[in-house]
Amino acid sequence: MLHSSSSASHPLPRVLRTTAMALTLCWSATGWSASLPADLAWESNDTDPVYADPAARRGGTFHDFMISFPLTLRKFGPDSNGGFAGYIRETTLPLLATHPLTGKPMPMLANQWAFGADHKTLYFRINPKARWSDGQPVSADDWLFTLKMMRSKEINDPWYNNYYSTQIVEVTKFDDKTFSITSGSEKSREDLLDSLPFAPEPSHAIALTANWVKEYNWKVLPVTGAYRIDQVKKGKSVSFVRVKDWWGNDERYFQHRFNPDRIEIKVLRDQNIAWQHFLRGELDSFPLTIPSWWHDKSKTAEFEKGYIERLWFYTRTPQSPTGLYLNTADPLLKDLDVRLGIQHALAIDKMIATLLRGDYQRLNSYGSGQGAFTNTDLKARPFDPKLAREFFAKAGFTRTGPDGILQNAKGQPLSLSITYTTAEHAQRLTLLREEAKKAGLNLELNLMDASAGFKSMLEKKHQSAWMAWSGSRYPAYWEFFHKINANKPQTNNIMNLDDDAISALVEQYDKAFDFGKKAELSRQIQQRLYELASFVPAYQVPYTRAGAWRWIKLPKIPATPQSDLLYWPLDGANSGYSFGGLLWIDEELKAETKAAIKQGKTFPPVTLIDTRYQKP
């Protein structure tokens, strides 16, 4: 996430200098290595502002929901990249995160770091307090093992195999608490900080075997974060429990955070059913980003009587590339003219203005909000049925069938199947379907369970997909656009892009040292994607909205400019910034509220709209 925001200047991170180190030989992932360089300038950061609330109280259970049960508890390998991965991955911390207010590096598992003179290597000192949830100390061996694991065939994950062979080429251990990670190419400091400080796996708890994927599908492993999995009820729920005497309790940026004792995530496969659970107080919060939920559904007695409060908070987060992903390997969609016609056949602006109440903004290209990395010259193609028909005609769809849908000379109707996984989006897609008929295009809407639908996309069984990837501080392209990931199952190239030009740009992007050059290449990549017309940009949402029962509390400034969610109980560093874990449960208010409901007592209704980080 690129943008940082602060109204005041803050001192630079403290710099510690090492004048001499003993000369020793140390084992590395690729062999013996010389000792630490003698002139490393060790950096830390214990001066940036804290953003949790000292008034936060520890205890209670936070109740959340998910719309499908995960297919695995693994973080790697087949079916591991579903929605539940956000919980699993954030139970283990990375070495560093980015401070959400200053944009500077902030300690996580490492409390000191230093840059090598080769522009490839970052050196780390592990916080000596850091422990796995089973009590074992975190050591440099964990990173040595993780590199081996990510490269292994046993995990059956081509993306990790490639990334940890080409982008990360070496981990070198100097002692139990000191090691380095080396990039496959020279990079700027910003790029090194963004790409190298990966999270470790517990070397003492994993055995790589030929049957690893199956053996570890439901295995609960030790973690370094504040929460570990406690109970897994297949098809029903997953619960997390706070680690007893967690090592990070007194660390500056962890204090007054991660407050509930437990987190319970129920499987509620329909959001409308989940809504009823929320109104009954069985869920503590509910997202209200969808305009109809904020404007209409929240007009209930629970809100009007002040039992549930609403919060609208503007952010400066990178925007997810939300839209329609076209599978270019599909026989129909191989034709560029068909893809261009689809671009002009979707009335997305009308959908935003009507169904979405104008709350959302049109997305013009692949992602937004990443500064110079976003190609702001690109504009989404407008809804134009006449122009769409001209492109369809070039592709051979010149006849009009009795239902108004175009056909080619063989009588094949012009029809596009859209796979989607959020039932609430059915109305949006229905509007697009009705408007697309004006262009002679039929849309077949295919709603699937979230886990099954995403699996179908990764297996490349979809014709098109209505979805969004999570945003990141800087764009990542290799896994999504490079041709090496096309026409293969379990890769993120769901558009099956097999294009030499965009693959070459992606390779240059990954190797670019100069940050300005890297941003320029990012803009060129987005330009080439625009030319390929395989992604139809839909919308962006420059805020987060939610409702929560009045006993769920947040700090006076309820979130950071980088907060994707208001009521996220974990850290958030998986997305680049450390921003979550701010909420707490006020048990006294909970008892007061439940008593008031029984007695018919009410409180003033609360709707807060915080615009402090709203962009002009």
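Predicted, not measured: the structure shown is a model, and the values here were computed from it. (Residues numbered from 1 in each chain as written. Predicted model: local features only at pLDDT ≥ 70, side-chain atom pairs only at ≥ 80, totals over all residues. Heavy atoms only, no water.)

**Q** Before we go on, may I ask you to explain the pattern of salt bridges in this structure?
**A** Oppositely charged side chains can form a pair if their charged atoms are brought close together. Under the criterion given, the structure shown has 28 salt bridges. A salt bridge links K386 to E390; the shortest N-O distance between them is 3.0 Å. Of this pair, K386 and E390 both sit in helix α11 (residues 385-394), four residues apart, which is roughly one turn of that helix. Overlapping salt bridges, with partners in common, bring together R57, D586 and E588 in one network. (Salt bridge = Lys/Arg side-chain N within 4 Å of Asp/Glu carboxyl O. Helix = DSSP H or I, 4+ residues; strand = E, 2+ residues; numbered from the N terminus.)

**Q** Would you explain the sheet that holds strand β21 (residues 415-420) in this entry?
**A** The strands making up a sheet associate through hydrogen bonds between their backbones, and the pairing can be parallel or antiparallel. Across the sheet, which stays open at both edges, the five strands sit in the order β22-β21-β23-β17-β24 with mixed pairing between neighbours. The strands lining the two open edges of the sheet, one partner per strand, are β22 (442-447) and β24 (535-537). Taking each pair of neighbouring strands and ignoring which way they run, the sheet shows an average axis angle of 25°. Bridging between β21 and strand β23 (residues 464-468) involves two bridges; their strand directions are parallel. Counted as the bridge partner of I418 is S464 from β23. (Pairing = 2+ DSSP bridges. Axes fitted to C-alpha atoms, helices over the stretch in contact; angles between N-to-C directions.)

**Q** Any chance you could explain the UniProt feature "domain: Solute-binding protein family" (unreviewed entry) in the protein chain here in plain terms?
**A** Mapped onto this numbering, the UniProt entry annotates "domain: Solute-binding protein family" (unreviewed entry) at residues 104-486. Within residues 104-486, the helical portion is 27% and the strand portion 22%, while the C-alpha atoms at the span's ends are 36 Å from each other. (UniProt positions renumbered as here; feature names shortened; annotations may be inferred.)

**Q** Teacher, can you tell me more about the nonpolar core here?
**A** Nonpolar side chains in soluble globular proteins generally cluster together in the buried interior. W143, I181, I342, F392, W466 and Y567 are the most contacted members of the largest nonpolar core, which has 136 residues in total. Non-local contacts of W466, meaning those with residues more than four positions away in its chain, are made with G323, L324, M351, I418, T419, Y420, H425, L429, L432, A538 and Y539. One finds L363, M467, V506 and L521 within the second-largest nonpolar core, a separate group that totals 30 residues. (Core = buried A, V, L, I, M, F, W, Y, C linked by side-chain atoms within 4.5 Å. Buried < 20%, exposed > 50% of the residue type's maximum accessible area, 1.4 Å probe, protein only. Contact = heavy atoms within 4.5 Å.)

**Q** Mind showing me how you'd approach the packing of aromatic side chains here?
**A** Within a pair of aromatic rings, the relevant descriptors are the distance that separates the centres and the angle that separates the planes. According to the stated counting rule, one finds 48 aromatic pairs in the structure shown. Members of the aromatic cluster, joined through ring pairs, are Y325, Y366, F373, Y474, Y477, F481, Y509, F515 and F535. In this structure, R125 packs its charged tip against the face of W42, placed 4.0 Å from the ring centre. One residue, R550, lies across the ring of F603, its end atom 3.7 Å from the ring centre. (Phe/Tyr/Trp six-rings, centres within 6.5 Å; stacked < 30°, edge-to-face > 60°. Lys NZ or Arg CZ within 6 Å of the ring centre and 35° of its normal.)

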